[in-house]
Amino acid sequence: MKKATPHSSRDDLMFEAAYLYYMEGLTQQAIGTRLGYTRWTVGRLIEEARQTGLVTITINHPRIQTHHLEMQIAQQLGLKSVIVVPNTNGEGRQLVARATAQYLMGRAPIRSLAVAWGRTMTALANALPENWSPGIKVYQTNGGPTHHGDNEVSSSISAMARKAPGTAYTLPAPTIIGNPDLGPQLMAEPAITRIFEGAANSDLVVYSPGTVSKESVLVESGFIAKESIDMLRRKGSVGDILSHYVDADGNPISPQLERRTIAYPLRNLTQARLSVAVAGEAEKAPAMVAAARAKLAHVFIIDIYTAEAILAYTTKEK
């Protein structure tokens, strides 16, 4: 391309500057040298080319359809970032699990990861490829299903570590016990405190909150009786976070139930280096909002239906 002359029209200058910048990949300084203008003038020409429509930019990425939702939710709830996954086939949990796997691989190698168990985390374990983060240490954040449980769900943490490959540190206790006096004693056991210490020092925490539902994984695993669900709702619970039943502001609803819960303390979760809350089900919207309000999550990875439900929920509250 020939050097611009003093007689070149403004449109010609914008075209030449934009072509060299976007099509040939030259820096503004290099363009200025070629055209005989300062870098600042070249910058103004490129910006003017965009403002006048001489240059239009198309982003060919599925998230372009949902980016406005990401920005709105992040700003409204004070999150570091939000990833909203388009969902055209209703498989929110699987789509979000794959997006979470991509997020984790983008941060690999990860030295240590604290993770809850559940259906979404099982989907995440399935979505992670072999050799995704060699040498990782995976710490379980809440006690495991020791009865009436789904073996696939309970083994998801070990599966994540095995595929890394790395080491899994699982909690040798149920997540909710019957005797509230026994809970503090178990929480003080060295075998459990060591795992919580590892979780506290992890690079990030990943979990999916549960719903206050008779079909929830805590009910199906036998830790919460179906007849207790109505009571939990009356107390104001909107879901569970790491097996802690919380209200709309992310506060535990029952001191006695907390004494029965063998899980990573929520006060420690607020100190996590990076906490990622994941959901591909619209009914989890209230629990996701509670997690953000209580600073129990820095990042959301959700599908579009959950995103819309979150915005509808927060709007309804106003």
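Now for a quick tour of the structure. Since the structure is predicted, the reported quantities are computational estimates derived from the model, not experimental observations.

**Examining helix H3 (residues 39-51)**
For an α-helix the count is 3.6 residues per turn, leaving residues at separations of three or four pointing the same way.
Piece 1. With 13 residues, H3 extends 18 Å between its outermost C-alpha atoms, agreeing within 8% with the 18 Å of an ideal straight helix rising 1.5 Å per residue.
Piece 2. Of all the residues in H3, the buried ones are Thr41, Val42, Leu45, Ile46 and Ala49. Down the axis, H3 shows its buried residues gathered within 140° of arc, on one side only. Residues of H3 that are exposed and angled more than 90 degrees away from the buried face: Trp40, Arg44 and Gln51.
Piece 3. Check the buried side of H3 and you find it contacts helix H1 (10-23) and helix H2 (28-35).
Piece 4. Positive backbone phi, approximately 90°, marks Gly53, located one or two places after H3.

**As for the packing of H2 against H3**
Piece 1. At a minimum axis separation of 8 Å, H2 and H3 run at an interaxial angle of 105°. Comparing the axis directions of H2 and H3 gives the class roughly perpendicular. The residues of H3 that touch H2, namely those facing Gln28, Gln29, Ile31 and Gly32, are Arg39, Val42, Gly43 and Ile46.
Piece 2. Its residues assigned to classes, the contact of H2 with H3 shows three nonpolar, four polar and one charged.

**What to know about the nonpolar core**
Piece 1. Ranked by size, the top nonpolar core spans 47 residues in total, and within it Ile73, Tyr207, Ile241, Leu269, Phe300, Ile302 and Ile310 carry the most contacts.
Piece 2. Broken down by element, the residue count for this core peaks at six residues, all from helix H15 (residues 285-293).
Piece 3. Discounting residues that sit within four places of it in the chain, Ile241 has contacts with Tyr207, Pro209, Val246, Leu266, Leu269, Ala287, Ala291 and Leu296.
Piece 4. One finds Leu113, Ile176, Phe223 and Tyr245 within the second-largest nonpolar core, a separate group that totals 43 residues.

**Details of the sheet that holds strand E9 (residues 299-303)**
Piece 1. In space, the seven strands of this open sheet follow the order E1-E9-E8-E5-E2-E3-E4, with parallel pairing throughout. The open sheet has two free edges, formed respectively by strand E1 (81-85) and strand E4 (167-169), since each of these has just one partner strand. Strand-to-strand, the axes of this sheet are offset by a mean angle of 20°, without reference to chain direction.
Piece 2. The pairing of strand E2 (residues 112-115) with strand E5 (residues 204-207) spans three bridges and is parallel.

**Let's talk about H15**
Piece 1. Counting buried residues in H15 gives eight out of nine residues, a clear majority hidden from the surface.
Piece 2. All of the buried residues along H15 are Ala285, Pro286, Ala287, Met288, Val289, Ala290, Ala291 and Ala292.

Reading the values: the criteria
Residues numbered from 1 in each chain as written. Predicted model: local features only at pLDDT ≥ 70, side-chain atom pairs only at ≥ 80, totals over all residues. Heavy atoms only, no water. Helix = DSSP H or I, 4+ residues; strand = E, 2+ residues; numbered from the N terminus. Expected span 1.5 Å × (residues − 1). Buried < 20%, exposed > 50% of the residue type's maximum accessible area, 1.4 Å probe, protein only. Arc of directions from axis to C-beta. Contact = heavy atoms within 4.5 Å. Axes fitted to C-alpha atoms, helices over the stretch in contact; angles between N-to-C directions. Parallel < 35°, antiparallel > 145°, perpendicular 65-115°, else oblique. Nonpolar A, V, L, I, M, F, W, Y, C, P; charged D, E, K, R; others polar. Core = buried A, V, L, I, M, F, W, Y, C linked by side-chain atoms within 4.5 Å. Pairing = 2+ DSSP bridges.

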